Amino acid sequence: MILDEVAVEDITEKVYHLNRNLKEGLKSPPESLSDLGAIESLRVPGKEEFRELREQPTDPQAEQELINSIEQVYFSTDSFDIVKYELEKLPPVLNLQELEEYRDKLKQQQAAVSKKVADLILEKQPAYVKELERVTSLQTGLQLAAVICTNGRRHLNIAKEGFTQASLGLLANQRKRQLLIGLLKSLRTIKTLQRTDVRLSEMLEEEDYPGAIQLCLECQKAASTFKHYSCISELNSKLQDTLEQIEEQLDVALSKICKNFDINHYTKVQQAYRLLGKTQTAMDQLHMHFTQAIHNTVFQVVLGYVELCAGNTDTKFQKLQYKDLCTHVTPDSYIPCLADLCKALWEVMLSYYRTMEWHEKHDSEDTISASEGSNMMGTEETNFDRGYIKKKLEHGLTRIWQDVQLKVKTYLLGTDLSIFKYDDFIFVLDIISRLMQVGEEFCGSKSEVLQESIRKQSVNYFKNYHRTRLDELRMFLENETWELCPVKSNFSILQLHEFKFMEQSRSPSVSPSKQPASTSSKTVTLFEQYCSGGNPFEIQANHKDEETEDVLASNGYESDEQEKSAYQEYDSDSDVPEELKRDYVDEQTGDAPVKSVSRETLKSRKKSDYSLNKVNAPILTNTTLNVIRLVGKYMQMMNILKPIAFDVIHFMSQLFDYYLYAIYTFFGRNDSLESTGLGLSSSRLRTTLNRIQESLIDLEVSADPTSTLAAAEERKEKVPSPHLSHLVVLTSGDTLYGLAERVVATESLVFLAEQFEFLQPHLDAVMPAVKKPFLQQFYSQTVSTASELRKPIYWIVAGKAIDYEQMLLLMANVKWDVKEIMSQHNIYVDALLKEFEQFNRRLNEVSKRVWIPLPVSNILWEHCIRLANRTIVEGYANVKKCSNEGRALMQLDFQQFLMKLEKLTDIRPIPDKEFVETYIKAYYLTENDMERWIKEHREYSTKQLTNLVNVCLGSHINKKARQKLLAAIDDIDRPKR
């Protein structure tokens, strides 16, 4: 079948359009339909054909390949000539079969495109219908709007025709009426303004400053509104003068806050300044008033006391400067004036403190109210004012405290504090310490100005006071008879009046020695405590406690008669100087619990425990008690004024040093002690004694006129060495060479050391960190050596209590070269045991005067036994001839001595028992063992070792071996020379 040109052209154009729609996507339904209309004239498939096309079985992939096989040229513009293109493609020689195949191909492409078009039309049909409905609805709405507009125009025309001239006249009359009402109101306001001055005066008299200012500002605002009236100009000037007068009275009211803060009064003043918009100016003025109040207050207080003491009303004092006025305060009125001065300054600082509290409270309230409001500009301005006031108040804390410090410092420098007694000086320090506490709570300041001023005066005062106390202590020691001061068994230094401050919490209104016990563990500042009333500087009368300072023993004796007899014996000692007979009972004590000083207790009554038929009370003397009281006073000053803690502790250490040195000088100094080689005085004790002697003891009897000024100043810091009272006898054998006095003296020192150990935590707490090594060194090198004095002191008694020389003589008469083994010990053993029995009886006699603690009796027995054993070895070393039987006799004698001795004492093991036994057993050693034994046992003297070689070993070693052993002994002895 041959296609005509028209058919070919139409088919080609149809394929072109449909393929272009498939490639680029369909346009809107109407647009797509218009495209289809262009080719519908050729041949548009009907519904039947569409249905057939859709019902034909198709392969989507094959159809898509057919559509894709359409030549690209068919997708060009509409000006493309499809017919011409197809005709030009025909070959010169036409082949019917090829043309039919090509036609079939075009038909297949047309069928694929037609089917695709049919599918797309059916797919977009619902959208087309929906869009058509929208167009119809829009047309209906437009018709309804046209009807409404027509009706509205008709009604407007009716209203326009119904409006008349009468209605406009009515409105004009109403406007005239409103103007007349406004005029009447203005006339009434002007009349009220003319009468405002009377009400303002009444409000100022009532101190209603906010109300007065509010009224005045409202009047000024009203006056500015009616300024076009001639009568208002004069009133406006008058209101301005009234406002200035209110500001002046407001400044006077603000100055009253500085001495007596009143919340209601200050609230009114602040509200008034806020209305004026001058809150910052008010704060500047307030600080000026506080500064002036401090100056006026201190001047009036000091002036009042100066005029009172002068006894006349001479006005010359009022013309003096404050610094010069302070020099006219008399010593009698110095402390009351200082107290009133601090009370007055406290009132000023308290007012400032309460002012800050008021602002903190109201700032928080304003912040809450501002967060609820919406005026951002006003809030920012208020926040700026609050920030300024807060910074001003914080800065003012330091400024006001500096002014207070300078005024008090000037007052302190006006009088030499060295003229006061100790208690008065402590009271002054207490007031200043409390004032510094106020300053620290007020602004966190460490009060450098006051501290430096009071520290210099305190150190100078305390230096002179300490020098006097050292001289007094020397006098006490030189007149001390070392009699026991009978205190109670539960005696504690906390019972003494001077140590009350350690157990009582510090009350701000009472001095440290008179403070009531604390009832609350919560720390309350002075400002919180006295915010509602009262004053921390009130001078309270020295209240009497319910109980006295009952420290002397009253129930430690077996009977009242024994107690009375003991007191009579103690008080009848006419040889004790009056300075030492101090009354330790009349001073007052509080309700502090009693803490017993720890003492040794025994499980059972032993023969070596010597007591006075009463509870074992601490051993101390009047001088010991006096030193303890001085320590308490020193600690009071240190507790009140912590910046001088190091100086005070240094002086306290000198009290202990001097007491220790005196005990050693009186009872322990013996040059023969060190020659024993027993190490009775430790290197630490010797170092301590040498240090005390070099730093504290003045060994020169008279001042050298040729000495330098520096040497003279150094001697002022030292104290002459004390001398034992001639009433103390240390040479009598009946009293064991003053054993009672030695026990009282030594054990009182040990007791004093125990009290220093008890006080160490308190001293460590107040000691500056940089000075704590000094305190640690004092305790480790001095206090801890007190008990070490027992050995050298009691060694002297032990060395004289037994007649060791007589025992050596008796041993020299013994024949040791016996030929038979003896069954009876020698007589010198019985003599030695009799000496120990006599020593035991004397100890019992001494214990009737003074309780001898178990450590003391043990040391005495240890010293005596050690000396006896060494004397035995020395006696054996003096033997000229000795047989084996004689050596056995030595063992028998020593065993007899030990057996009898163990019945007299409970000391186990027996001291130096091995020292004797080892020496006796060395006789049986061989030559080689003996040489090694000599090198290992260097505790024996050269004489003892030599005698052992020459006498005891001579029977079973040759001469050469003996010379070798003697050479070994000489080598050992050579370094000692």
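Preceding block: the structure.
Quick caveat, the model's predicted, so the values are computed rather than measured. (Residues numbered from 1 in each chain as written. Predicted model: local features only at pLDDT ≥ 70, side-chain atom pairs only at ≥ 80, totals over all residues. Heavy atoms only, no water.)

**Q** Help me understand the overall build of the protein chain, please; the structure alone is not making it clear to me.
**A** What the protein chain contains, in helices and strands, is 35 helices and 4 strands. Burial analysis of the protein chain (977 residues in total) assigns 43% to the buried set. Within the protein chain, contacts between residues at least 6 apart in sequence are counted, and of these 81% link residues at least 24 apart. On the protein chain, roughly 52700 Å² of surface is accessible, and the fraction owed to carbon and sulfur atoms is 52%. (Helix = DSSP H or I, 4+ residues; strand = E, 2+ residues; numbered from the N terminus. Buried < 20%, exposed > 50% of the residue type's maximum accessible area, 1.4 Å probe, protein only. Contact = heavy atoms within 4.5 Å. Areas by Shrake-Rupley, 256 points an atom, 1.4 Å probe, with all protein chains shown as cover.)

**Q** I keep staring at the nonpolar core and nothing clicks. Help me out?
**A** Note on soluble globular proteins: their nonpolar side chains tend to be buried together. Formed by 226 residues in total, the largest nonpolar core has its most connected members in Val302, Tyr411, Phe656, Leu739, Phe836, Tyr876 and Phe897. When sequence neighbours within four positions are dropped, the list of residues in contact with Tyr876 reads Met811, Trp816, Tyr828, Met890, Asp893, Phe894, Val916, Tyr919, Ile920 and Asn947. Among the nonpolar cores identified, the runner-up in size contains 7 residues, and Ile70, Tyr74, Ile82 and Val117 belong to it. (Core = buried A, V, L, I, M, F, W, Y, C linked by side-chain atoms within 4.5 Å.)

**Q** I keep staring at the pattern of salt bridges and nothing clicks. Help me out?
**A** Two side chains of opposite charge can pair, provided their charged atoms sit close to one another. A complete count under the given rule lists 29 salt bridges for this structure. With a closest N to O distance of 3.5 Å, Asp471 and Arg467 form a salt bridge. Here the residue Asp471 and the residue Arg467 both occupy positions in helix α17 (residues 448-479), the gap between them amounting to 4 residues, near one helical turn. What makes Arg467 partly exposed here is its relative accessible area of 26%. Here the salt bridges share partners, and the residues they tie into one network are Glu862, Arg866, Arg870 and Asp912. (Salt bridge = Lys/Arg side-chain N within 4 Å of Asp/Glu carboxyl O.)

**Q** Help me understand a nonpolar patch on the surface in this model?
**A** Residues Leu87, Leu90 and Leu94 make up a contiguous nonpolar surface patch of roughly 240 Å² in combined accessible area. Here Leu87 shows up in helix α5 (residues 82-89). (Patch = residues over 30% accessible without salt bridge, like charges linked within 9 Å, V, L, I, M, F, W, Y side chains within 5 Å.)

**Q** Just to check I follow, could you spell out the packing of helix α11 (residues 263-276) against helix α12 (residues 279-310) for this structure?
**A** Between α11 and α12, the shortest axis-to-axis distance is 8 Å and the interhelical angle comes to 135°. Here α11 lies oblique to α12, going by the angle between them. Mapping the contact onto sequence places Tyr266, Tyr273 and Arg274 in α11 and Thr279, Ala282, Met283 and Leu286 in α12. (Axes fitted to C-alpha atoms, helices over the stretch in contact; angles between N-to-C directions. Parallel < 35°, antiparallel > 145°, perpendicular 65-115°, else oblique.)

**Q** What exactly am I supposed to notice about unusual backbone geometry here?
**A** Across the chain, the bulk of peptide bonds are trans and the bulk of non-glycine residues have phi less than zero. Cis rather than trans, the peptide bond between Arg908 and Pro909 has omega equal to -5°. If you trace the backbone, Pro909 turns up in the loop between α31 (884-901) and α32 (913-921). With a phi angle near 60°, Tyr737 is a residue other than glycine that sits in the positive phi range.

**Q** Explain the side chain of Asn947 here, please?
**A** By the element assignment, Asn947 lies in helix α34 (residues 942-952). Of the polar contacts made by the side chain of Asn947, one reaches the backbone oxygen of Ala877; its length is 2.7 Å. (Polar contact = N/O pair within 3.5 Å; in protein donor to acceptor, adjacent residues only side chain to side chain.)

**Q** Would you take a moment to explain the packing of aromatic side chains for this structure?
**A** What characterises a pair of aromatic rings is the spacing of the ring centres plus the angle enclosed by the ring planes. Counted according to the given criterion, the structure contains 36 aromatic pairs. Taken together, the aromatic side chains of Phe290, Trp346, Tyr352, Tyr353, Phe442, Phe527 and Tyr530 make up a single cluster linked through ring pairs. The ring of Tyr465 carries Arg469 above its face, with NZ or CZ at 4.5 Å from the centroid. Just above the ring of Phe915 sits the side chain of Arg870; from NZ or CZ to the centre is 4.4 Å. (Phe/Tyr/Trp six-rings, centres within 6.5 Å; stacked < 30°, edge-to-face > 60°. Lys NZ or Arg CZ within 6 Å of the ring centre and 35° of its normal.)

**Q** Would you explain helix α25 (residues 739-766) in this entry?
**A** Owing to its 3.6 residues per turn, the α-helix brings residues three or four apart onto one side. If you check α25, its first and last C-alpha atoms are 40 Å apart, about what 28 residues at 1.5 Å a residue would give, namely 40 Å. Where α25 bends most, the angle comes to about 45°, and this point is Leu759, followed within four residues by the proline Pro761. Burial analysis of α25 places 20 of its 28 residues in the buried class, which makes it a mostly covered element. (Expected span 1.5 Å × (residues − 1). Bend = angle between axes of the 7 residues up to and from the residue.)

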